[in-house]
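Read off the chains here:
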2 protein chains.
Amino acid sequence: MKPRQLYEARAKVAKAVAHPSRLIILDALADKEMCVCDLTDLVGADQSTVSKHLAVLKNAGIVADRKEGVMIYYRLKVGCLKGFWHCIEGVLKQNLKEQQAIMGSS
Amino acid sequence: MKPRQLYEARAKVAKAVAHPSRLIILDALADKEMCVCDLTDLVGADQSTVSKHLAVLKNAGIVADRKEGVMIYYRLKVGCLKGFWHCIEGVLKQNLKEQQAIMGSS
DNA sequence: TGGCTCTATGGCAATTATACCATCGATTGG
DNA sequence: CCAATCGATGGTATAATTGCCATAGAGCCA
């Protein structure tokens, strides 16, 4: 087994991704960088809430920000998230398939 | 933007992975199936705690279990986790590199 | 059957996460 | 300079997560 510290580090990154609002943000940032105001509209939560979500992502090293005048633009720093979603999507599809199998057999 | 429901479903899977003990479990299951007792020793927590962690992973569709006598063996149901870790590991390495850059420049 | 081992579950306390409000600092435009 | 906008932070209430204890159920063996 690897050192516990590694698992905690991994968990921190995984935890940063494990929230619907943050997933929305990451999905949006996959295409282009966006300012906090845009992301706030997109997520549909309070600006301060979105700001805190962004802080979590930044702290985990998943996004980076850039200041331009009053605005702060966030962008993805990680390129492998697509594979991430693909993996998760696979789990979801499999779960769905199993659910349907259960329903069908009743 | 995709339906909010999708992000919630994704988040559930991501959340299931986002805990050190569960990461230890998943890492161990990558090689072979293991019974709860083995995993309990490995994680080093109370048996009931490990049992609940396993329930979380099972509920998310990441692991499956098999009963054999008194023992219950858990196994990975998802094959793409290796890419998962690789992606996270990349983030961690990058974070480390940036930390070192900061230390070096002082 | 009785006792033992292996797991799962209910209960509970402590910690952590989340969301909103209020507010502050920074920047820009008038 | 003043007002307005953008984003971050402190405070606080609520919800979710986590861990352990106690205990229940299931299977095995003497």
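Higher on the page you've got the structure.
For clarity, every value in this text was computed on a predicted model and none was experimentally measured.

Caption draft 1: Spatial organisation of the relation of the copies chain A and chain B. Structural alignment of chain A on chain B gives an RMSD of 0.1 Å, achieved by rotating through 180° and translating 0.0 Å along the axis. Look at the turn and shift together and you get a two-fold axis relating the two. An overlap of 97% is found between the interface residues of chain A and their copies at the interface of chain B, pointing to a shared contact surface.

Caption draft 2: Broad picture of the layout of surface pockets. Estimated volume of the largest pocket: approximately 470 Å³. The wall of the largest pocket is formed by 21 residues, among which Leu92(B), Lys93(B), Asn95(B), Leu96(B) and Gln99(B) lie closest to the centre. Among the secondary structure elements, those contributing two or more residues to the lining of the largest pocket are α1 (4–17), α4 (47–59) and β2 (63–68) of chain A together with α5 (81–104) of chain B. Top contributing element to the lining of the largest pocket by residue count: α5(B), with eight residues. The class makeup of the residues in the lining of the largest pocket is nine nonpolar, five polar and seven charged. The computed volume of the second largest pocket comes to approximately 330 Å³. Together, 19 residues line the second largest pocket, and Leu26(A), Asp27(A), Ala28(A), Ala30(A) and Asp31(A) are the ones closest to its centre. The set of elements that each furnish at least two residues to the lining of the second largest pocket consists of α2 (20–29) and α5 (81–104) of chain A together with α1 (4–17) of chain B. Among the elements that line the lining of the second largest pocket, the one with the most residues is α2(A), at four residues. Across the lining of the second largest pocket, the residue classes break down as twelve nonpolar, one polar and six charged.

Caption draft 3: Seen up close, the sheet that holds strand β1 (residues 34–35) of chain A. All names here are of chain A. The three strands lie next to each other as β1-β3-β2, forming an open sheet whose pairing is antiparallel. Edge positions in the sheet fall to β1 and β2, since each of these pairs with one other strand and no more. Two strands pair when backbone bridges link them, and β2 and strand β3 (residues 71–76) are joined in this way by six bridges, in the antiparallel orientation. Note on β3: the bridge partner recorded for lysine 67 is isoleucine 72. The strands touched by α2 are β1, β2 and β3; relative to β3, the strand with the most contacts, the crossing angle is about 85°.

Conventions adopted
- Residues numbered from 1 in each chain as written.
- Chains lettered and ligands numbered in written order.
- Predicted model: local features only at pLDDT ≥ 70, side-chain atom pairs only at ≥ 80, totals over all residues.
- Heavy atoms only, no water.
- Least-squares fit on C-alpha atoms with pLDDT ≥ 70 in both.
- Contact = heavy atoms within 4.5 Å.
- 1 Å grid on protein atoms, 1.4 Å probe; cavity = no way out; pocket = protein on both sides within 12 Å on 5 of 7 lines; lining within 4 Å.
- Points joined across faces, edges and corners; volume = space filled by probe spheres on them.
- Helix = DSSP H or I, 4+ residues; strand = E, 2+ residues; numbered from the N terminus.
- Nonpolar A, V, L, I, M, F, W, Y, C, P; charged D, E, K, R; others polar.
- Pairing = 2+ DSSP bridges.
- Axes fitted to C-alpha atoms, helices over the stretch in contact; angles between N-to-C directions.

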